[in-house]
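Each chain, written out:
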Amino acid sequence: MAEKIHFTSIDSTNAEVARRFKAETREKEIIITAEYQTIGRGRSTNRWYSDAAKNLLMSWGCHPEFLSVSDQFKLSKAVSLALCGLLDDNNIVSSIKWPNDIYVSGKKIAGILIENQLMGGSIRSSIIGIGLNVNQVEFPPEAGFPVSMKLLTGRDMEVPSLADGLLVKMRAAVDALKSDLFSLDGAYHSRLYKLGEECLFSVNGNEFSGKIRGVDDSGQLVLESATGIRSYGFHEISMIIS
Ligand code: BTN
């Protein structure tokens, strides 16, 4: 049985799952949601900004031990598609901006922070953190180019029912991976932001243009540029959004 705990305020839902995993001897599922995070974490050293009681802030702690270390990115594919499915259900057409963002009309609506604990060659446990902008309509400049469900639809949404719906979709997507590791690849690529379009990228401060050709099995971005076709990891390349 999954344990579900809701906080009015916490440092970070991902950090709370990590603490609980550390304290637990049994391998169980944990779902932490919060109305507010004092130190919401984004990828790398980024912060995640969310006003109190406006948005979905959730971490799902699970044990996808069937995935090998080299298949880690498949989890990101599953969660991204689950988020897109949830948005589809609310008549919002979204795409997946590699590696872990969900975009609508060139603006970010959700971010995913997956932290895996590895054991031997496989994933012992995974903390899947999701921030989805739901009812917030004003954002600080540090948040980049955000958008929310309310800004797109004009309606307030029930955050807890979105959380429940997302969990159902994430579980279904991870189960699909369990039966076939490649089952999500077609859907993932059909949702990939800017697939086949000429875009600007930056590597070590050097800007160049290229076309996204896909995301390979190890989660690297495959780009075609003037120098040929090459794959990049997410620590080495960023897409320049104008
Ligand atoms: C990103 O876009 O860089 C990833 C953002 C992930 C934010 C979520 S909010 C819930 C969970 N707890 C955190 O501290 N971060 C993730």
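Look a little higher up for the structure.
Residues numbered from 1 in each chain as written. Predicted model: local features only at pLDDT ≥ 70, side-chain atom pairs only at ≥ 80, totals over all residues. Heavy atoms only, no water.

1. Brief notes about the overall build of the protein
Filter applied, for reference: For helices the rule is a DSSP run of H or I covering at least 4 residues; for strands it is a run of E covering at least 2, with both sets numbered from the N terminus onward. All radius of gyration figures rest on C-alpha atoms, and the globule criterion is 2.2 Å times the number of residues raised to 0.38. Think of it in three bands: with a 1.4 Å probe and only protein chains considered, a residue is buried below 20% of the maximum accessible area for its type, exposed above 50%, and partly exposed in between. Any two residues whose heavy atoms approach within 4.5 Å are treated as being in contact. Here, Shrake-Rupley sampling with a 1.4 Å probe gives the accessible areas, and only protein chains in the shown set may cover a residue. The charge count includes Lys and Arg as positive and Asp and Glu as negative, but it does not include His or the ends of the chains. Working definition for charges: the position is that of NZ of Lys, CZ of Arg, CG of Asp or CD of Glu.
Helices and strands together make up the secondary structure of the protein, namely five helices and 12 strands. Taken over C-alpha atoms, the radius of gyration comes to 17 Å for the protein, in line with the 18 Å a tight globule of 242 residues would show. Oriented by its inertia axes, the alpha-carbon framework of the protein measures out at about 50 × 45 × 30 Å. Residues counted as buried form 47% of the 242 residues belonging to the protein. If you take every contact in the protein between residues at least 6 apart in sequence, the share linking residues at least 24 apart comes to 61%. When the accessible surface of the protein is totalled, it reaches about 11,500 Å², and 51% of it is carbon and sulfur. Taking the average place of the 26 positive charges on the side chains of the protein and the average place of its 29 negative ones, the gap between the two points comes to 1 Å.

2. A few points about the site of the ligand
Our working rule: A single heavy atom is enough: if one lies within 4 Å of a molecule or strand, its residue is considered near that molecule or strand. Contacts described as polar in this section are N or O atom pairs within 3.5 Å, which, within protein, must combine one atom able to donate a hydrogen with one able to accept it, while residues neighboring in sequence count only if both atoms come from side chains.
Near the ligand, the surroundings consist of 20 residues, among which Ser12, Gln37, Arg41, Arg43 and Lys108 are the closest. One nitrogen or oxygen atom from the side chain of Thr13 is found 3.0 Å from a nitrogen atom belonging to the ligand. Between an oxygen atom of the ligand and a main-chain N or O atom of Arg43, the distance comes to 2.7 Å. Protein contact buries 98% of the 410 Å² of open area that the ligand shows by itself. Of all the secondary-structure elements, those providing two or more residues to the shell around the ligand are helix 1 (13-23), strand 3 (56-62), strand 6 (107-119) and strand 7 (122-132).

3. Here's the deal with the sheet that holds strand 10 (residues 221-225)
Sheets are built from strands that pair by backbone hydrogen bonding, the pairs being arranged parallel or antiparallel. We count it as follows: Between any two strands, pairing holds if DSSP finds at least two bridges. Comment: axis = line fitted to C-alpha atoms, over the contacting stretch for helices; angle = value between 0 and 180 degrees taken between N-to-C directions.
With antiparallel pairing, five strands are arranged side by side in an open sheet as 11-10-9-8-12. Looking at the sheet topology across the chains shown, the edges are occupied by strand 11 (228-232) and strand 12 (238-240). In this sheet, adjacent strand axes meet at a mean angle of 50 degrees when their direction is disregarded. With six bridges joining them, strand 8 (residues 198-203) and strand 9 (residues 206-215) adopt antiparallel strand pairing. Across the sheet, the residue bridging to Leu200 is Ser209, located in strand 9.

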